[in-house]
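Listed here are the chains, written in short residue letters.
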Amino acid sequence: MTSAAVGAPGAGRRPVSGTVVAVYGAAALLTAAGLGSTLWHGLADPRIALAFGVLIAVGELARWGAPPGEREPAPVAAAGALAYALLGENAGQPVGHGVLQTVTVVLTAGLAGAVPHVARGRGPALDHMVRRVLTVGFAAFCFQPLYDSAGLRERFGAGPGYAMLLLLLLALTALCDAVLAALVLRARTRHPFGPLLRDELRALLHIGSAVCATGAVIALGVAVAGLWALPVFCVPLLLTQLSFRRYAAVRTTYRQTIASLARATEIAGYTPQGHARRVAELSLAVGRELGLSGPELTVLEYAALMHDIGQLSLVDPVPDGATALLPVAEQRRIALLGGAVVRQTGVPAAVAVVVERQADPYREQPMSARIVRAVNAYDDLAGECATASGPLSALERLRLGTAHDYQPEVVESLARVLSRGRSGPWSDGVTHG
């Protein structure tokens, strides 16, 4: 299934939350029960277990490394695991691997396929493996007892009703995975649960739907044609995975290009080193706090990286690049210059709108522009008074400007993000309330 890893930038080490402990504890108990049962009773249908285990391991081997904060796609492994959980027959003959053996085979094969990645220091996140165990266990627990009952076979047979049942179980499993992912991210980052769950559900509409459909098709194909159906039905998903890998590479290159453009002001000496990166990281944290969705966060990140690019058009640099300290008319002129530059770079027009409207009254700005303006001002003001009280003074000055310049909700969200352990860029260990 999908996986996401996001968090407040620069957050310090936090105590492990009860939600994470509960999720990991449930996965550990299920794993222990599966391993114990399989060792005690032995493998049922070992040939089928080996075939699906090889498929899952190959799927994990085909996983590509994702940058921090991105999903780690392994669609073939996920589809194979779901198909094994929902497998009732092999070439017309009933199978009897059960729930606990399903968990054992899926976990063992997943770990075997992840070994080369771990050796290179690019192994899948532990959260991903924990959720794989729980979601596959959920699917098997919902399906295996039902299929073992004679009433299910008599009622659904092998027709459309049976296929619809598999799709329904897969939809419930996908929802379970999305809820688990959002709960763990909520516990780790303290971002609002609703937007996190919305992003997970949105991801299901893309490669997640292909994974679920392929899992159902594999289970149905093996039930009729036997294990030869495994390689046949995995080819389309492998091709999809290759397409996604190319898309991810293009997107990574695109982001690197924007980051390089954003550093132009630092290289030219117009802004302090790391200013654009700090504003982008903190803006993303505030955006998540305020419930922005994935596409909105992308626009926010690009705009925050390029928010000062208009300074390249100035003859005389702004002292320390602190545009928040300039008169409003000068701020607006630099913002409009920046928007004009951004429109020539080929990035989405929404990014240029955010950049060129930074200096407008906040009631006239889109939400992303409100966030960038407040965070940029915080970084400028904290740098102006680089003392132990600098970040606190910067926040107070932002609060004083909430009547016209900064949206109060954005300023308070910024304060909450900072209070969770992200100290100001100009001081260490300072928390804000």
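Residues numbered from 1 in each chain as written. Predicted model: local features only at pLDDT ≥ 70, side-chain atom pairs only at ≥ 80, totals over all residues. Heavy atoms only, no water.

Visitor: With reference to specific residues and values, describe the pattern of salt bridges.
Guide: Applying the stated criterion across every chain yields a total of 15 salt bridges. Across the salt bridge formed by Asp199 and Arg202, the nearest N and O atoms sit 3.0 Å from each other. With a gap of three residues between them, Asp199 and Arg202 both fall in helix H8 (residues 193–225), about one helical turn apart. Overall, the relative accessible area of 29% leaves Arg202 in the partly exposed class. For Glu356, the salt bridge goes to Arg343, with nearest N and O atoms at 2.7 Å. A residue pair is termed long-range when its members are at least 10 positions apart, and Glu356 in helix H14 (residues 349–356) and Arg343 in helix H13 (residues 328–343) qualify at 13 residues. Residue classification places Glu356 among the buried residues on the basis of a relative accessible area of 18%. The exposure class of Arg343 is partly exposed, given its relative accessible area of 42%. Here the salt bridges do not stand alone but share partners, grouping Arg332, Arg357 and Asp360 into one network. (Salt bridge = Lys/Arg side-chain N within 4 Å of Asp/Glu carboxyl O. Helix = DSSP H or I, 4+ residues; strand = E, 2+ residues; numbered from the N terminus. Buried < 20%, exposed > 50% of the residue type's maximum accessible area, 1.4 Å probe, protein only.)

Visitor: Break down the packing of helix H7 (residues 160–189) against H8 for me, citing the residues and quoting the values.
Guide: Two elements in contact, H7 and H8, have axes whose closest approach is 8 Å; the angle formed by their N-to-C orientations is 145 degrees. Pair H7 / H8 crosses with right-handed handedness. The residue inventory of the contact of H7 with H8, partitioned by class, reads 22 nonpolar, two polar and two charged. (Axes fitted to C-alpha atoms, helices over the stretch in contact; angles between N-to-C directions. Left-handed = near helix turned anticlockwise from the far one by under 90°. Nonpolar A, V, L, I, M, F, W, Y, C, P; charged D, E, K, R; others polar.)

Visitor: Lay out the packing of aromatic side chains in plain terms, naming residues and giving numbers.
Guide: Enumeration according to the criterion identifies one aromatic pair in this entry. Look at Phe52 and Tyr84: their rings are 5.1 Å apart centre to centre, the planes differ by 35 degrees, and that puts the pair in the tilted class. Separated by 32 residues along the polypeptide, Phe52 in helix H2 (residues 46–61) and Tyr84 in helix H3 (residues 75–85) bring together distant segments of the chain. Across the pair, exposure class does not vary: Phe52 and Tyr84 are buried alike. (Phe/Tyr/Trp six-rings, centres within 6.5 Å; stacked < 30°, edge-to-face > 60°.)

Visitor: A description of the side chain of Thr265 should follow, citing residues and the corresponding values.
Guide: For Thr265, the location among the structural elements is in helix H10 (residues 264–267). At a separation of 3.2 Å, a polar atom in the side chain of Thr265 contacts the main-chain carbonyl oxygen of Ala262. (Polar contact = N/O pair within 3.5 Å; in protein donor to acceptor, adjacent residues only side chain to side chain.)

Visitor: I'd like a rundown of helix H12 (residues 294–305), residues and numbers included.
Guide: In this model H12 runs 17 Å from its N-terminal to its C-terminal C-alpha over 12 residues, within 8% of the 16 Å that 1.5 Å per residue would give. The buried fraction of H12 is high, at nine of 12 residues. Taken residue by residue, H12 has Leu297, Thr298, Val299, Leu300, Glu301, Tyr302, Ala303, Ala304 and Leu305 as its buried positions. (Expected span 1.5 Å × (residues − 1).)

Visitor: If you had to explain the packing of helix H9 (residues 229–262) against H12 to someone new, which residues and values would you point to?
Guide: At their nearest, the axes of H9 and H12 sit 8 Å apart, and the two run at 30 degrees to each other. Put simply, H9 runs roughly parallel to H12. Residue-level inspection shows Arg251, Tyr254, Arg255, Ile258, Ala259 and Ala262 of H9 in contact with H12, the latter providing Thr298, Glu301, Tyr302 and Leu305. Looking at side-chain class alone, the contact of H9 with H12 contains six nonpolar, one polar and three charged residues. (Parallel < 35°, antiparallel > 145°, perpendicular 65-115°, else oblique. Contact = heavy atoms within 4.5 Å.)

Scope: geometric values only; no functional claims are made or implied.
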